[in-house]
Amino acid sequence: MPFISKIQRQTDYNRFPSSTPIVIDNGASYFRIGWAGETEPRVIFRNIVQRPRHKSTGETVTVVGDHDTALLKHFDCTRSGPRSAFDSNVVFQFEIMEYILDFAFDRLGANGSRIDHPILITECVCNPVQSRSKMAELLFETYGVPSVAFGVDAAFSYKYNQQCGICQKDGLAICPGFTTTHVIPFVDGEPVNRGCCRTNIGGYHVTDNLKQLLSLKYPHHMARFTWEKIEDLKMEHCYIAPDYALEARLFQKGSKEAEDKTRCWQLPWVPPPIEEPPSEEEIARKAAIKERQGQRLREMAEAKRSSRINELENQLHGLEFLLQQLAQVEEEEISSFLSKTDYVSKQEIESTLTKVSQSLRKAKGESKVEQAENEEKADSSTSDKYPLINVPDNMLTPEQLKEKKRQIFLKTTTEGRQRAKQKRFEEELEREKKTREDEERRLENPELYLEQMHTKYKDLYEKVEQRKRLKINGGHANGNSSGGVGRGERLNAAQRERMRLLTTAAFDRGKGEDNFGAKAEDWQLYKLMSKDNDDDDDGADEDEAELARVCSRLQAIDPTFVPKPEPTPSQVATTEVPRVRPLTKEDFQVVLGVERCRCPEILFRPNLVGIDQAGLDEMTGASIRRLASKNEALEDRLTSSIFMTGGCSLFPGINERLEAGIRMLRPCGSPIKVARALDPVLDAWRGASAYAANLQFQQQTFSRVDYYEKGEDWLRRYQLRYTL
């Protein structure tokens, strides 16, 4: 609807005299309001109310009809869903109805709380008197309308199309609406209430069924399946199949005809950028940058090394000068001389001098062999520090025994440190040897060497990953990370041995007093049971170390190498790490196949959605049978003018399907003709507008005086005559 300012709306409203009726088509789906005698309603909006809260202030506002998408920026519309005043096409929430009428009258141009125009409002057939009474009370008490008339929407549409020659005076009006479907027989142009039928199935259930089917089929696109979008898809793509079982088999077989009937809804999708491999110039540029960075780091390391060498040389000269001065000091003055320094004894100065000398040689880059020889000499020179080790205990005093134990501890610690140094020295020599051999092989054939290194890295990575996976999964690569407690076939050798020890301990020590741990062999058993590694753990450490070395080597010689990330425990626990493929255009396509005919099929088969009621064709036969007179000529006239109105009558193929279904119920040779309204959505309002424009309409209204004098009992007997 085009935007009209409030001043213009009020001006248009004041142009109409108070005798001009206001026509309201109060449908469960849409609300339409306008002036009598016009061909189009002035205001159309969805018959719902929503009360969202402001995101910052928490203030609640009332939104009638379709909310503007701009409201989502300032209001939280997720906590308050849309509410309707209807329940099965009957108004029962009159608080919501008041919001809707306020909005409608305001958009029509009313500038006050009082409405001085007669009202013609539609309702469903056989509307309960309680609902009609509450609606009259709302219009009379709240808005002060002078008179009200109630009419059936399907009857107005039937009379409007009868004037256009679409249907006859005798016929059946079938109105599949939003939440209900009505069948009304017309005899001599007037509806016969005793022959009416209703079933609680309508367009709402078709839309809801389509929404559920698409949500199950495409759960990752559920946010896209809004009610408005599903409603558009329903009206654009759904159709009524002549034979639903045959149509479903076509889609099941996937025939060419089914492919032609399939529709595709393309969701917004942006293709990911294509990553091109780096060019030779880019590789050379990165290599040059890496070389400059390496040169800068080497220069910084060289400057730091020179500073360290100068510092150590100065410290070494200071210690040597201190020893020279100490050699010239007499024995009695040594204590006073050392008190002026940071050292306690001459041995401490010599030990510090030795350490500084070693650090200086290391900083200057002396060979490993020279450093080892110097360390051996230094260690041999310290052998006289432990004079009590080789002396028998019976020749020592208690104080000397304590000193002997201390010297033994110091010597053992020193020897362990020397062995660790020797081991590190040998490992360093081995690494240097491998590095030299690798460099020689690389210089001989760089391309072959690089390919071999990549292959070796891949094999080592898979080997380490497989070992971790086996360790987590209990010795099997079946992805079962539960541990398999109690199932020996799923345990590895170490785990089976631990279970055996636990079982043995339980049978041997499970009787009598619990004194586990009192004996030394108990603790040995505890160590065996607590061992949670495989026999090849040393191999695993070697493989991981070799993998780290190969990775470091590849990073040094190949600028394009990117190391693989270390697998997490959750990834290791599975047999194969799932590979996430990039999303394509097809992943953002919603395909509508059998859903096109399956969803509207519930109009004829409500049991598909769990509603145990009759379909459209069965309702037609039931409505004819409810007529008191068994007049075959009347029945033929009714079936020869079957009129379809309402939003669901817009489905393609519904006329042919309804005609085929009614033909199965009627005797052979009965005349059957199904016609659709000129405009199934707006013909009800147009018929009511034409009816209200008649001069005799005022005689059919229910005035405010009648309301106060006669009350609800008169409303029970009130019936609008559609033939004026």
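Under an unreviewed UniProt entry, the name given to the protein chain is Actin-related protein 5 isoform X1, and the source organism is Gossypium hirsutum. Within the UniProt record for the protein chain, the comment given under Sequence similarities (unreviewed entry) is "Belongs to the actin family."

**Things to note about the packing of aromatic side chains**
We describe a pair of aromatic rings using the distance from one ring centre to the other and the angle between the two ring planes. Evaluation of the coordinates by the stated rule reveals 22 aromatic pairs. Ring centres of Phe16 and Trp35 lie 4.2 Å apart, and the angle between their planes is 15°; this geometry places the pair in the stacked category. Of the two residues, Phe16 is situated in the loop between α1 (6-15) and β1 (22-26) and Trp35 in strand β2 (residues 30-35); the sequence distance between them amounts to 19 residues. Plain terms: the ring middles of Phe156 and Tyr691 are 5.7 Å apart, the flat faces sit at 55° to each other, and that makes the pair tilted.

**Focus on α1**
When we look at burial in α1, the residues that qualify are Arg9, Asp12 and Tyr13. Down the axis of α1, the sector holding all buried residues measures 100°, keeping them to one side. Set apart from the buried face of α1 by more than 90 degrees, the exposed residues are Ile7 and Arg15. Residues of α1 that are buried sit in contact with β1, β2 and α2 (94-108).

**Things to note about a positive patch on the surface**
On the surface, a cluster of positive charge is made up of Lys355, Lys362, Arg417, Lys421 and Arg424. Of all elements in the fold, only α11 (346-364) and α13 (398-444) reach the threshold of two or more residues within the positive patch. A total of three residues in the positive patch trace back to one element, the largest contributor, which is α13. Secondary-structure assignment places Lys421 in helix α13. Taking relative accessible area as the criterion, Lys421 reaches 33% and is therefore assigned partly exposed.

**Re the confidence of the model for the protein chain**
Should the pLDDT be low somewhere, the predicted coordinates at that spot are not to be read in detail. Scored by pLDDT, the protein chain comes out at a mean of 83, with 85% of its residues at no less than 70. Note that pLDDT drops below 50 for residues 475-489; the model gives that stretch 24 contacts with residues more than four away or on any other chain. Counting interchain partners and residues more than four positions distant, the pLDDT-below-50 stretch residues 532-536 has six contacts.

**Some points on the nonpolar core**
Ile22, Met97 and Phe105 are the most contacted members of the largest nonpolar core, which totals 65 residues. Ranked by residues supplied to this core, first place goes to α2 with eight residues. Dropping the residues within four chain positions of it, Phe105 is found in contact with Ile22, Ile24, Ile33, Ala110, Ile115, Ile119 and Tyr143. Residues Leu213, Val590, Met619 and Ile624 belong to the second largest nonpolar core, which totals 41 residues.

**Topic: the pattern of salt bridges**
Here the structure, examined in full by the defined rule, presents 30 salt bridges. Asp170 serves as the salt-bridge partner of Arg637, at 2.8 Å between the closest nitrogen and oxygen. With Arg637 in helix α21 (residues 632-639) and Asp170 in the loop between α4 (153-163) and β12 (171-176), the pair connects residues that are 467 residues apart, well separated along the chain. Given a relative accessible area of 10%, Asp170 falls into the buried group. Between Arg305 and Glu302 there is a salt bridge; the shortest N-O distance is 3.1 Å. You can see Arg305 and its partner Glu302 sitting in helix α9 (residues 280-328), three residues apart, about one turn around the helix.

**Describing a nonpolar patch on the surface**
Where nonpolar side chains cluster on the molecular surface, the patch consists of Met235, Leu650 and Val681 and spans about 200 Å² of accessible area. Relative to the elements of secondary structure, Met235 occurs in helix α6 (residues 227-237).

**Overview of the packing of α9 against α11**
The N-to-C vectors of α9 and α11 enclose an angle of 155°; their axes lie 9 Å apart at closest approach. Here α11 runs roughly antiparallel to α9, going by the angle between their axes. The two elements α9 and α11 meet at a crossing, and its hand is left-handed. Facing Arg305, Arg308, Ile309, Leu312, Glu313, Gln315, Leu316, Leu319, Glu320, Leu322, Leu323 and Leu326 of α9, the residues of α11 in contact are Lys346, Ile349, Glu350, Thr352, Leu353, Val356, Ser357, Ser359, Leu360, Ala363 and Lys364. Looking at the contact of α9 with α11 residue by residue, the class counts come to twelve nonpolar, four polar and seven charged.

Criteria and thresholds
- Residues numbered from 1 in each chain as written.
- Predicted model: local features only at pLDDT ≥ 70, side-chain atom pairs only at ≥ 80, totals over all residues.
- Heavy atoms only, no water.
- UniProt positions renumbered as here; feature names shortened; annotations may be inferred.
- Phe/Tyr/Trp six-rings, centres within 6.5 Å; stacked < 30°, edge-to-face > 60°.
- Helix = DSSP H or I, 4+ residues; strand = E, 2+ residues; numbered from the N terminus.
- Buried < 20%, exposed > 50% of the residue type's maximum accessible area, 1.4 Å probe, protein only.
- Arc of directions from axis to C-beta.
- Contact = heavy atoms within 4.5 Å.
- Patch = residues over 30% accessible without salt bridge, like charges linked within 9 Å, V, L, I, M, F, W, Y side chains within 5 Å.
- Areas by Shrake-Rupley, 256 points an atom, 1.4 Å probe, with all protein chains shown as cover.
- Salt bridge = Lys/Arg side-chain N within 4 Å of Asp/Glu carboxyl O.
- Lys, Arg positive; Asp, Glu negative; His and termini not counted.
- Charge placed at Lys NZ, Arg CZ, Asp CG, Glu CD.
- pLDDT = per-residue confidence, 0-100.
- Core = buried A, V, L, I, M, F, W, Y, C linked by side-chain atoms within 4.5 Å.
- Axes fitted to C-alpha atoms, helices over the stretch in contact; angles between N-to-C directions.
- Parallel < 35°, antiparallel > 145°, perpendicular 65-115°, else oblique.
- Left-handed = near helix turned anticlockwise from the far one by under 90°.
- Nonpolar A, V, L, I, M, F, W, Y, C, P; charged D, E, K, R; others polar.

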